[in-house]
Amino acid sequence: MNNIYMDNNATTMVDPLVLEEMMPYFSEQFGNPNSIHKFGTSTHPAIAKAIDRMYSAINAGDNDDIIFTSCATESNNWVLKSIWVDKILNGDKNHIVTTEVEHPSILSTCKFLEDQGVKVTYLPVNEKGIVEAHTVKNFITDKTALVSIMWANNETGMIFPIEEIGEVCQTKGVLFHSDGVQAVGKIPVDLQQVNVDFVSMSAHKFHGPKGIGALYIKNSEKLTPLLHGGEHMGGRRSGTLNVPAIVGMGKAVELATTNLDETMSKIAKLRDRLEDALLKLPDTVVVGDKNERTPNTFLISVRGVEGESMLWDLNNDLIGASTGSACASEDLEANGAMIAIGADVELAHTGIRLSLSRFTTEQEVDQVIAAFNKATVRLRSISSSYAKVQPTKGGEATECAIAH
Amino acid sequence: MAKNDLMGGSLWDEYSDIVADRMNNPRHQGEITEEECNKNGTKLIVADFGAESCGDAVRLFWEVDSSDVIKRAKFKSFGCGTAIASSDMMVELCVGKTVKQAVKITNIDVEKALRDDPEIPAVPPQKMHCSVMAYDVIKKAASLYLGVDEESFEEEIIVCECARVSLKTLQEVIKINDLKSVEEITDYTKAGGFCKSCIKPGGHEDREWYLVDILADVRREMDEEKMKNAADAVDGDFKTMTIVQKIKAIDAVIDESIRQFLIMDGGDMEIIDIKESDEYIDVYIRYLGACNGCASSSTGTLYSIESTLREKLATNIRVLPI
Ligand SMILES: Cc1ncc(COP(=O)(O)O)c(C=O)c1O
């Protein structure tokens, strides 16, 4: 049996074509692009190509910036912390609007800013798992410095109405940041079409290397650097350019966005086949409507089967999946998206996220269906939720001692 | 935080082989029915603990014979691998014991029985609370069988259930070792080192006692005691001094805490004499400069001189201006 990877929202395999383009920039063309000798300058064509690929992948304009960073976590930190410096510490604003279901790189940064005295509004998602534009509108005040709302959610795959939220922010004159990590390479992201001032991206989510991300900045909007130093990337982000990774990100974003519709409808077909098969199991629920999700993702709840147990059984069958965000896989708490959606609290501990990629095969999907069914039968046979004999009178669990 | 904590994702690596095996093949998973017990002339006890909405739940089945011995036991469990493995081991430990003996099984016993190596914990710290559930359900079943309250099995207040550390132990350890932080408490007792619920409110579980509060209370008690001791010590010392030492001691206190305020107002004072009776130590003073004849010299200023000397030296000092 082969290993089957169903956790592509956590990270993806580097496409061999990407690796191939990166290889010369480790030991052959290793120069520092800022050096004026030919060791440095010989890397310039490849970097220029990567930049071009980035701009066309998200249809950025020539007046916009796309700055390479070390990861989307850095991009997210940069926007939030520098907006704090520019608009709150050195301006007259004091408020940021975000959502309850952002990635920890947004949520923890917002918590940090709250400790520094910034007011943060965490918008809840509706029963579909998204935040609607009119909700955002209601929470923007004349003190709001920034709205930060993800383009697509990593746990549920739900796509947020970025176009409408962008319009609201434009009308209100508030800067708008979107964490586009789960959107770029999965759904069309056209920055001429929507009004977003900042977009975070990460290469390892679309078959590029880890350790490289980017931040799109509309009209080269002012944003104090997070990393001060040697004036790299036009002074916006210092640190010697990670040439092989930049080359890899460029190639990866090109591969992920050309023929996007075709590739994604192929992935969606496999995803739907998997999802429909698993939903045939009794007492299962999937969060959100298929058409409103990224094409590769679903989060399914299996009653009576605790999430980590399911991961354990799947892992025994060489299948890698997740209970939600990979960052949260070691803590004890329930799935944040499930709780935010207000799904039955019971569902919060039974969520399994399966996320496919363009490398997922039909045969793999069939193997996952078989393994998932087997695991569900086994774990439900152990589960107290499916026990038949009822407790002795007085022996019922009277209270839930655990707060989550 | 240190070298060993830099990489995440090692959760399952820290499960013992026994835990993994019990998760994959629980030996005692199943149910016992009323009919089976009726046929055997035994009593069926079924107890629940936890709920699916909590993330952990277990149902324990006991078949108990007329001499209170648990003949057979089974479980059903909703939870992660360690919850299932702990339930399975807990059930195994119950079989063959009387109900009263079974109550003595703790989560620590369950966790120890799951170890491959007696020195290496069977589960990582954050999973320790899973075995607590296995222990709680035993108490529940026993209380049903014996018809007594669950609370009656607990002889002391357990603050950290994962490590089973009692309130009394914590109070003593803090005091004896002069512990100042929760981290130190965890180093000394292991309390708070597992699911962390008992450290402060807002953790995984709501608790009745929290380490932060216990630490604050004990520290306050210790501070009060220290202050009282210090006061007693001063009192004792002053009484045994010779008259010259006493004058010097009084002078020192006046120099340190009183004179500066008098000088600020353009005045000063000097000690004229000391007279001791059984009841009082009378300190005769004379005001100098601006203090001499000012209104507060017989009220506010006098009062503060007297109370400062009483606080620092002896409670029976009287200050008499002449
Ligand atoms: C929505 C979202 N934002 C941000 C990140 C962080 O990306 P990176 O690993 O590049 O820091 C992730 C991935 O974990 C994500 O899913």
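Criteria and thresholds
- Residues numbered from 1 in each chain as written.
- Chains lettered and ligands numbered in written order.
- Predicted model: local features only at pLDDT ≥ 70, side-chain atom pairs only at ≥ 80, totals over all residues.
- Heavy atoms only, no water.
- Axes fitted to C-alpha atoms, helices over the stretch in contact; angles between N-to-C directions.
- Helix = DSSP H or I, 4+ residues; strand = E, 2+ residues; numbered from the N terminus.
- Parallel < 35°, antiparallel > 145°, perpendicular 65-115°, else oblique.
- Left-handed = near helix turned anticlockwise from the far one by under 90°.
- Contact = heavy atoms within 4.5 Å.
- Nonpolar A, V, L, I, M, F, W, Y, C, P; charged D, E, K, R; others polar.
- Phe/Tyr/Trp six-rings, centres within 6.5 Å; stacked < 30°, edge-to-face > 60°.
- Buried < 20%, exposed > 50% of the residue type's maximum accessible area, 1.4 Å probe, protein only.
- Lys NZ or Arg CZ within 6 Å of the ring centre and 35° of its normal.
- Pairing = 2+ DSSP bridges.
- Domains from an automatic or database assignment.
- Buried area = accessible area lost by both parts, 1.4 Å probe.
- Salt bridge = Lys/Arg side-chain N within 4 Å of Asp/Glu carboxyl O.
- Polar contact = N/O pair within 3.5 Å; in protein donor to acceptor, adjacent residues only side chain to side chain.
- Near = heavy atom within 4 Å.
- Lys, Arg positive; Asp, Glu negative; His and termini not counted.
- Patch = residues over 30% accessible without salt bridge, like charges linked within 9 Å, V, L, I, M, F, W, Y side chains within 5 Å.
- Areas by Shrake-Rupley, 256 points an atom, 1.4 Å probe, with all protein chains shown as cover.
- Expected span 1.5 Å × (residues − 1).

A word on the packing of helix α11 (residues 307-316) of chain A against helix α13 (residues 362-382) of chain A
To characterise two packed helices, one gives the angle between the axes of the helices and the distance between these axes. Residues and elements named next belong to chain A. Two numbers describe how α11 lies on α13: the axes approach to 9 Å, and their chain directions differ by 130°. Classified by the interaxial angle, the pair formed by α11 and α13 is oblique. Between α11 and α13 the crossing geometry is right-handed. In this structure, α11 contributes Ser-309, Met-310, Asp-313 and Leu-314 to the contact, and α13 contributes Ala-371, Phe-372, Ala-375, Thr-376, Arg-378 and Leu-379. Within the contact of α11 with α13, the residues separate by chemical class into six nonpolar, two polar and two charged.

Considerations on the packing of aromatic side chains
Summed over all chains, the structure comprises four aromatic pairs over all chains. Ring geometry for Phe-30 of chain A versus Phe-39 of chain A: centroids 6.1 Å apart, planes at 40°, classification tilted. With a relative accessible area of 51%, Phe-39 of chain A lands in the exposed category. Relative to Tyr-15 of chain B, the ring of Trp-312 of chain A has its centre 5.7 Å away and its plane inclined at 25°; by these criteria the two rings are stacked. Taken together, the residues span two chains, with Trp-312 of chain A in helix α11 and Tyr-15 of chain B in the segment before α1 (17-24). Lys-81 of chain A extends its terminal NZ or CZ atom over the ring of Phe-112 of chain A, reaching a point 5.4 Å from the ring centre. One residue, Lys-111 of chain A, lies across the ring of Tyr-122 of chain A, its end atom 4.1 Å from the ring centre.

Topic: the sheet that holds strand β2 (residues 56-64) of chain B
All names here are of chain B. One open sheet accounts for three strands, arranged β1-β2-β3; its pairing is antiparallel. Since the sheet does not close on itself, it has two edges, and those belong to β1 (43-51) and β3 (70-78), each with one partner. Geometrically, the sheet is characterised by an average inter-axis angle of 15° between neighbouring strands, direction not taken into account. Note that β2 and β3 share eight bridges and pair antiparallel. Paired with Leu-60 across the two strands is Phe-75, which belongs to β3.

What to know about the domain arrangement of chain A
Often, the extent of an interface is quoted as the loss of accessible area on bringing the components together. Residue and element names in this part refer to chain A. Taken domain by domain, chain A comprises domain 1 (16-257) and domain 2 (260-384). The centre of domain 1, based on its C-alpha atoms, is set 28 Å off from the matching centre of domain 2. Taken together, the contacts link 26 residues of domain 1 with 25 residues of domain 2. Note on domain 1 versus domain 2: buried area summed over both sides is about 2,100 Å², and carbon and sulfur give 61% of it. For Glu-292, the salt bridge goes to Lys-128, with nearest N and O atoms at 3.7 Å. At the boundary of domain 1 and domain 2, one finds four residue pairs in polar contact (both at pLDDT 80 or more). Here the side of domain 1 that touches domain 2 takes three residues from helix α9 (residues 243-257), the largest share from any one element. When grouped by side-chain class, the residues that make up the side of domain 1 that touches domain 2 number 10 nonpolar, 11 polar and five charged.

What to know about the site of the ligand
All names here are of chain A. Not every one of the 14 residues close to the ligand is listed here, only the nearest: Thr-73, Asp-179, Gln-182, Ser-202 and Lys-205. His-103 places a polar side-chain atom, nitrogen or oxygen, 3.0 Å from an oxygen atom of the ligand. A distance of 2.8 Å is found between an oxygen atom of the ligand and a side-chain nitrogen or oxygen belonging to Gln-182.

Some remarks on the pattern of salt bridges
All names here are of chain A. One pass over the structure, following the stated rule, counts 39 salt bridges over all chains. Note that Glu-21 is salt-bridged to Lys-251, the shortest N-O span being 3.5 Å. In this pair, Glu-21 is assigned in helix α1 (residues 16-22) and Lys-251 in helix α9, connecting sequence segments 230 residues apart. For Glu-21, a relative accessible area of 23% gives the class partly exposed. Its relative accessible area of 14% is what places Lys-251 among the buried residues. Across the pair Glu-74 and Arg-237 runs a salt bridge whose closest N-O atoms are separated by 2.6 Å. Here Glu-74, found in helix α5 (residues 72-89), pairs with Arg-237, found in the loop between β8 (213-217) and α9; they are 163 residues apart in sequence, far enough to count as distant. Assigned by exposure class, Glu-74 and Arg-237 land together as buried.

Here's the deal with the side chain of Lys-76 of chain B
Secondary-structure assignment places Lys-76 of chain B in strand β3. Notably, Lys-76 of chain B is buried but unbridged: the nearest opposite-charge side chain belongs to Glu-31 of chain B, and the N-O separation is 4.3 Å. Here Ser-381 of chain A takes part through its backbone oxygen, which lies 2.4 Å from a polar atom of the side chain of Lys-76 of chain B. Residues contacting Lys-76 of chain B, with those up to four places away along its chain left out, are Ser-381, Ile-382, Ser-383, Ser-384 and Ala-387 of chain A together with Gln-29, Gly-30, Glu-31, Ala-57, Val-58, Arg-59 and Phe-61 of chain B.

Digging into the packing of helix α10 (residues 243-264) of chain B against helix α11 (residues 300-312) of chain B
Residue and element names in this part refer to chain B. Two elements in contact, α10 and α11, have axes separated by 10 Å at closest approach and are oriented at 145°. You can see that α10 and α11 cross each other, and the crossing is right-handed. Residues Ile-250, Val-253, Ile-254, Glu-256, Ser-257, Ile-258 and Leu-262 of α10 touch α11, and the partners they reach there are Thr-301, Ile-305, Thr-308, Leu-309 and Lys-312.

Points about a nonpolar patch on the surface
Taken together, Leu-19, Met-23 and Phe-26 of chain A make up a surface patch of nonpolar side chains, about 300 Å² in accessible area. In this structure Met-23 of chain A comes out as partly exposed when scored by relative accessible area, which is 48%.

Describing the environment of Cys-71 of chain A
Residue and element names in this part refer to chain A. Mapped onto the fold, Cys-71 is located in the loop between β2 (65-69) and α5. You can call Cys-71 partly exposed: its relative accessible area is 24%. Along the chain, Cys-71 and His-204 lie 133 residues apart, while their C-alpha atoms are 8.8 Å from each other. If we skip the residues at most four places from it in the chain, Cys-71 touches Ile-212 and Gly-213.

Concerning the sheet that holds strand β10 (residues 297-302) of chain A
Residue and element names in this part refer to chain A. Here we have three strands laid out as an open sheet, ordered β9-β10-β12, and antiparallel in their pairing. Single-partner strands in this sheet number two, and they are β9 (284-286) and β12 (351-355). Each neighbouring strand pair of the sheet contributes to a mean axis angle of 25°, computed without reference to strand direction. The pairing of β10 with β12 spans five bridges and is antiparallel. Each residue of the ladder has a partner; that of Ile-300, found in β12, is Ile-352.

Looking at helix α10 (residues 260-279) of chain A
Residues and elements named next belong to chain A. The terminal C-alpha atoms of α10 lie 27 Å apart, and with 20 residues this matches the ideal 28 Å at 1.5 Å per residue to within 8%. Those residues of α10 that sit buried are Leu-260, Met-264, Ile-267, Ala-268, Leu-270, Arg-271, Leu-274, Glu-275, Ala-277 and Leu-278. Elements that come into contact with the buried residues of α10 comprise α9, β9, β10, β12 and α13.

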